[in-house]
Amino acid sequence: MIRLSSMKEQKKAEEAAGNQPKSKISAAQLRIAKDINDLDIPPTCQTHFENRDDLLNFKLQICPDQGFYQGGRFVFRFKVPQIYPHEPPKVKCETQVYHPNIDLDGNVCLNILREDWKPVLNINSVIYGLQFLFLEPNPDDPLNKEAADVLKRDKRQFEQNVYRSMRGGYIGNTHFRSCLK
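Residues numbered from 1 in each chain as written. Predicted model: local features only at pLDDT ≥ 70, side-chain atom pairs only at ≥ 80, totals over all residues. Heavy atoms only, no water.

To keep things clear, this is the line we draw: UniProt positions are given in the numbering used here, feature names are shortened, and annotations may be inferred rather than shown by experiment.
As annotated in an unreviewed UniProt entry, the protein carries the name Oidioi.mRNA.OKI2018_I69.XSR.g13815.t1.cds and comes from Oikopleura dioica. Its UniProt record gives the protein the following Sequence similarities (unreviewed entry) comment, quoted word for word: "Belongs to the ubiquitin-conjugating enzyme family."

Structure (structure tokens):
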């Protein structure tokens, strides 16, 4: 894990050796390094950095251990903007999922990723928010209106649709790949 202090030490070492630092560390990079060092995520979540030097782009895997989505594996891609924390990270679900708050293109409807974002929030807040969507899908603020309508109208049918979709079945004309662990 990259530490905020190691970034500062590396910069000081480069300056002491007479080398120009390779690139200036942005406020977003400093903040995301702090957020990552302070992560306190549950065992059902795991982060993955494809490039250790690029903390602004990473993946999160959520494997719910209860609720409709228990036993599934869902991957989200985070893209943190250069003006973070003044704007929220962009989060997209890479796993196609039958969910009222995630559309078939992977867009996520989570209030703290939109109008309720505040700079005091952090990556940990977003991770817990995403995990909560799998524990308590919200049919009152949907991106997938069909899934939301089924959840409101017939919880048992919604549960069957989630079960079928997670095992690689069809819901209507949409085929879902298996996302079981």
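**Observations concerning the overall build of the protein**
Using the following cut-off: To qualify as a helix, a DSSP run of H or I must reach at least 4 residues; to qualify as a strand, a run of E must reach at least 2; elements of each kind are numbered from the N terminus. For the exposure calls, accessible area comes from a 1.4 Å probe over protein chains only, and a residue counts as buried if that area is under 20% of its type's maximum, exposed if over 50%, partly exposed in between. Residue contacts follow a heavy-atom distance rule, with two residues in contact if any of their heavy atoms lie within 4.5 Å. For the area figures, the Shrake-Rupley method with a 1.4 Å probe applies, and any residue is considered shielded solely by the protein chains shown.
Along the backbone of the protein there are five helices and six strands. Listing the helices and strands of the protein from first to last along the sequence gives α-α-β-β-β-β-α-α-α-β-β. By residue count, 43% of the 181 residues in the protein fall in the buried class. Counting only contacts in the protein whose residues sit at least 6 apart along the sequence, the fraction spanning at least 24 positions is 55%. Summed over all atoms, the accessible surface of the protein reaches about 10400 Å², with 47% contributed by carbon and sulfur.

**Here we look at unusual backbone geometry**
Note the cis peptide between tyrosine 84 and proline 85, where omega equals 15 degrees. As for its placement among the helices and strands, proline 85 is situated in the loop between β3 (74–79) and β4 (90–93).

**Some remarks on the UniProt feature "active site" (unreviewed entry) in the protein**
In the numbering used here, UniProt assigns the "active site" (unreviewed entry) feature to Cys109. Within the secondary structure, cysteine 109 sits in the loop between β4 and α3 (123–135). Residues contacting cysteine 109, with those up to four places away along its chain left out, are Asn101, Arg114, Leu133, Asp141 and Leu143.

**Some words on the side chain of asparagine 124**
Note on placement: asparagine 124 falls in helix α3. For asparagine 124, the contacting residues outside a window of four places in its chain are Leu39, Asp40 and Ile41.

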